[in-house]
Amino acid sequence: MKNTSYYCFFLLLVTLTAVAQADEKTEYKKRVLETMEVNLLSSYYTQDGENAAVTGGIGTEELSDIAPSINVLIPLNDDDVLSIDATVSAYTSASSSNINPFDGAQQADPFVASTGASGQDTWFGLSANYAHSSDDRNTILSGNISFANEYDYTSFGFGGSITKLFNQKNTELQVKANVFFDSWRPQYPIEFRESFSLDDYEFTGNANYAANYSDFQDVGRNSYSVGASLSQILSKSVQTVFMADFVMQDGLLSTPHQRVYFGDIEDTMIENFRLGNDVERLPDTRTKLALGNRTNFYLNQTFVLRTYYRYYSDDWGINSHTFKVELPIKIGMNYTLYPSYRYYTQTQADYFGEFNTLLSTQDFYTSDYDLATYDAHQYGLGFKFYDPLNKFKIGNFGLKSINVEYNYYERTTQNFSAHITSIGFNFIAD
Amino acid sequence: MIKTLTKLMLISLFFTSCVAVKEYEKINLNDPDMKLSERDLDKYKSTFQSYREAAAGANGGKTGGGCGCN
């Protein structure tokens, strides 16, 4: 499968290059990107809930994450732009800390974070995208490559796209393909490790505790996606885009440190903590389809209306709908407010069961409440300062804009909520 | 729902023959807030949503893979 993917990717690049060359014309052309741009972004995210998947659907989901990011857009010549993006995401997670809840510092409890090393981690991601535009600017070819790493997960991906504009640039068609070759370094819950012995603890409940458990043999996860989008200008003030993504995944699609408790096996407790009966087991393939539409309306010099809808379906039994509306409000030349609302709803995966309701006789099971049925609302307010003259300088770069945004997210059918605050500075070279 | 969206996509193809806004008429469409993509700061929301929600894709961002999420 890997060889086939590489071969297809190579063929795609060759074809795209040939198409681009066929379109080349010699006439005056504006640079695709006039000057280098640098975006410095950062976000602070917190969440809390009481259905942690690490502890089988019951327990604290408290988590905080800070994620600075830098994105640099470099015009290599009139036609080519290189984009490089680097992000570091440092988080602390109460539920992940309970991969090993028996730290001796306090009573083991799914609602209390332990002091173990698994309670924090750093994710690092680096990606690069190269885009080439034809002389008439009606064809854009791009290729991308990405790498990401955290303590228990590494990802390598690449892809490409071709975009064609026609009908006086009123219509834009894009086709893209991406693959990811990821691998887990599983961190199993402490009670499933060879070093664990029930005799070392005072326990209550089932004295014949024996986890229904074995290590995952295949720790790779591959994702193959193809997508298409069609943009269309509908009038001088309205434009729309239809998007479709089809994804196939195979390999280890379960999360190896997420416990499951079976309803048909008596619990074994150490302090306030139930020992897991197994980790979640999900099928090793998944096929996803997402169809979306984004339509923007320029209402007048003050208001723009941005709308988004997505339908999603996969062969694990999940169907979802996403609606989003955003109303940028321009206040003078330099300021814009961004109030927004987003609604999300999904049905549960076929393999989902609430805490302690799954059966040991099932082939697949999970108590990850992210795969449960739920509705979620997200309310946001953003603010942008825009300076067309770039008067504030740092070295050879002028500040073009500052963006600040806050969003509150809550699930109505679960006790889960999150806050995310983001800030971004956009600089352009003189 | 899929049929409806497919029909909408096909219908939009017909717009190509009946609408042609000239470059000099695109001043409103060229407003930065009219971009048919997510805004820069949206990438953080998309990331946490890809962890906390089962759905992904059809938004110009990640479709799956590249993280220990869905």
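Residues numbered from 1 in each chain as written. Chains lettered and ligands numbered in written order. Predicted model: local features only at pLDDT ≥ 70, side-chain atom pairs only at ≥ 80, totals over all residues.

Student: Help me understand the overall build of chain B, please; the structure alone is not making it clear to me.
Tutor: For chain B, the helix and strand inventory stands at 2 helices and 0 strands. Considering chain B as a whole, with its 70 residues, one finds that 43% of them fall into the buried category. (Helix = DSSP H or I, 4+ residues; strand = E, 2+ residues; numbered from the N terminus. Buried ≥ 20, exposed ≤ 12 C-beta atoms within 10 Å, placed from the backbone.)

Student: How should the overall build of chain A be read in this particular structure?
Tutor: Broken down by element type, chain A carries 2 helices and 24 strands. With respect to the three principal axes, the spread of C-alpha positions in chain A is 80 × 50 × 40 Å. When burial is assessed residue by residue, chain A has 39% of its 430 residues classed as buried. Counted over contacts in chain A with a minimum sequence separation of 6, partners at least 24 positions apart contribute 65%. (Contact = placed C-beta atoms within 7 Å.)

Student: Just checking my understanding: could you explain the pairing of strand β16 (residues 285-298) of chain A for this structure?
Tutor: All names here are of chain A. Both strand β11 (residues 238-251) and β16 contribute to a ladder of 13 bridges, which runs antiparallel. Directly across from D250, in β16, lies its bridge partner T285. As judged from the 11 bridges shared by β16 and strand β17 (residues 304-314), these two strands associate in the antiparallel manner. Each residue of the ladder has a partner; that of R294, found in β17, is Y308. Remark: 5 residues form the turn of the hairpin made by β16 and β17, two consecutive strands paired antiparallel. (Pairing = 2+ DSSP bridges.)

Student: I would appreciate a short explanation of the sheet that holds strand β14 (residues 273-274) of chain A in the present structure.
Tutor: What links the strands of a sheet is backbone hydrogen bonding, and the strands pair in either a parallel or an antiparallel sense. Residue and element names in this part refer to chain A. Across the sheet, which stays open at both edges, the 3 strands sit in the order β9-β13-β14 with antiparallel pairing between neighbours. Edge strands, defined here as strands with exactly one partner in the open sheet, are β9 (203-205) and β14. Pairing between strand β13 (residues 268-270) and β14: 2 bridges, direction antiparallel. Its bridge partner being in β14, M269 is matched across the sheet by R274.

Student: Would you explain unusual backbone geometry in this entry?
Tutor: A negative phi holds for most residues other than glycine; trans holds for most peptide bonds. All names here are of chain A. For R137, which is not glycine, the phi dihedral falls at a positive 60°. Mapped onto the secondary structure, R137 falls in the loop between β5 (120-133) and β6 (139-150). Residue classification places R137 among the partly exposed positions, given that 14 C-beta atoms sit within 10 Å. One non-glycine residue, N390, lies in positive phi territory at about 50°. Mapped onto the secondary structure, N390 falls in the loop between β21 (374-386) and β22 (393-394). Taking the number of C-beta atoms within 10 Å as the measure of exposure, N390 has 16 and is therefore partly exposed.

Student: Where do I start with the nonpolar core in this structure?
Tutor: The nonpolar side chains of a soluble globular protein tend to be buried, and buried together. Formed by 45 residues in total, the largest nonpolar core has its most connected members in V260, A290, A349, Y351 and L371 of chain A. Every element with two or more residues in this core is listed here: β1 (37-49), β11, β16, β21 and β24 (416-429) of chain A together with α2 (42-52) of chain B. Looking at this core element by element, the count peaks at 3 residues for β11 of chain A. When near neighbours in sequence (up to four residues on either side) are disregarded, V260 of chain A contacts G56, G276, N277, D278, V279, E280, L358, Y365, T366 and S367 of chain A. Counting residues in hydrophobic clusters, the runner-up holds 6 residues, among them L33, A131, I140 and I162 of chain A. (Core = buried A, V, L, I, M, F, W, Y, C linked by C-beta atoms within 7 Å.)

Student: Looking at this structure, I do not really get the pairing of β1 of chain A. What am I missing?
Tutor: Consecutive side chains of a regular strand alternate in pointing toward one face of the sheet and then the other. Residue and element names in this part refer to chain A. The pairing of β1 with β24 spans 13 bridges and is antiparallel. Paired with V38 across the bridge in β24 is F427. Bridging between β1 and strand β3 (residues 69-75) involves 5 bridges; their strand directions are antiparallel. Bridge assignment links L40 to a residue of β3, and that residue is I70.

Student: Mind showing me how you'd approach the interface of chain B and chain A here?
Tutor: Interfaces are often described in size by the accessible area the parts lose on coming together. Each side of the interface is counted separately: chain B has 39 residues, and chain A has 67 residues. Broken down by element, the side of chain B that touches chain A gets its largest block of residues, 7 residues, from helix α1 (residues 2-18) of chain B. Grouping the constituent residues of the side of chain B that touches chain A by class yields 20 nonpolar, 11 polar and 8 charged. (Nonpolar A, V, L, I, M, F, W, Y, C, P; charged D, E, K, R; others polar.)

Student: What's the story with the confidence of the model for chain A in this structure? I'm lost.
Tutor: The predicted coordinates should not be examined in detail at positions where pLDDT is low. Per-residue pLDDT for chain A averages 91, and the proportion of residues at 70 or more is 94%. Scored below 50 in pLDDT, residues 11-20 of chain A shows 14 contacts in the model against residues more than four places distant or in partner chains. (pLDDT = per-residue confidence, 0-100.)

Student: What's the story with α2 of chain B in this structure? I'm lost.
Tutor: The periodicity of an α-helix, 3.6 residues per turn, causes residues three or four positions apart to be oriented the same way. Counting buried positions over the 11 residues of α2 of chain B gives 9, a clear majority of the element. Of all the residues in α2 of chain B, the buried ones are D42, K43, Y44, K45, T47, F48, Q49, S50 and R52 of chain B. Among the structural elements, β1, β23 (397-411) and β24 of chain A are those in contact with the buried residues of α2 of chain B.

Student: So what exactly am I meant to see when it comes to the environment of A90 of chain A here?
Tutor: All names here are of chain A. Locating A90 in the fold gives a position in strand β4 (residues 80-93). Overall, the presence of 14 C-beta atoms within 10 Å leaves A90 in the partly exposed class. Separated by 23 residues in the primary sequence, A90 and A67 have C-alpha atoms spaced 6.3 Å apart. If sequence neighbours within four positions are ignored, A90 has contacts with I66 and T122.

Student: Help me understand the environment of N212 of chain A in this model?
Tutor: All names here are of chain A. With respect to the element layout, N212 can be found in the loop between β9 and β10 (220-233). Along the sequence, N212 and N170 sit 42 residues apart, while their C-alpha atoms lie 59 Å from each other. Sequence-distant contacts of N212, that is, excluding residues within four places in its chain, are made with N277, D278 and S360.

Student: Please clarify how the environment of F147 of chain A should be interpreted in this entry.
Tutor: Residue and element names in this part refer to chain A. Tracing the chain through its elements places F147 in strand β6. As a C-alpha pair, F147 and E50 span 97 residues in sequence and 33 Å in three-dimensional space. Apart from the residues lying within four places of it in its own chain, the contact partners of F147 are L126, S155 and F156.

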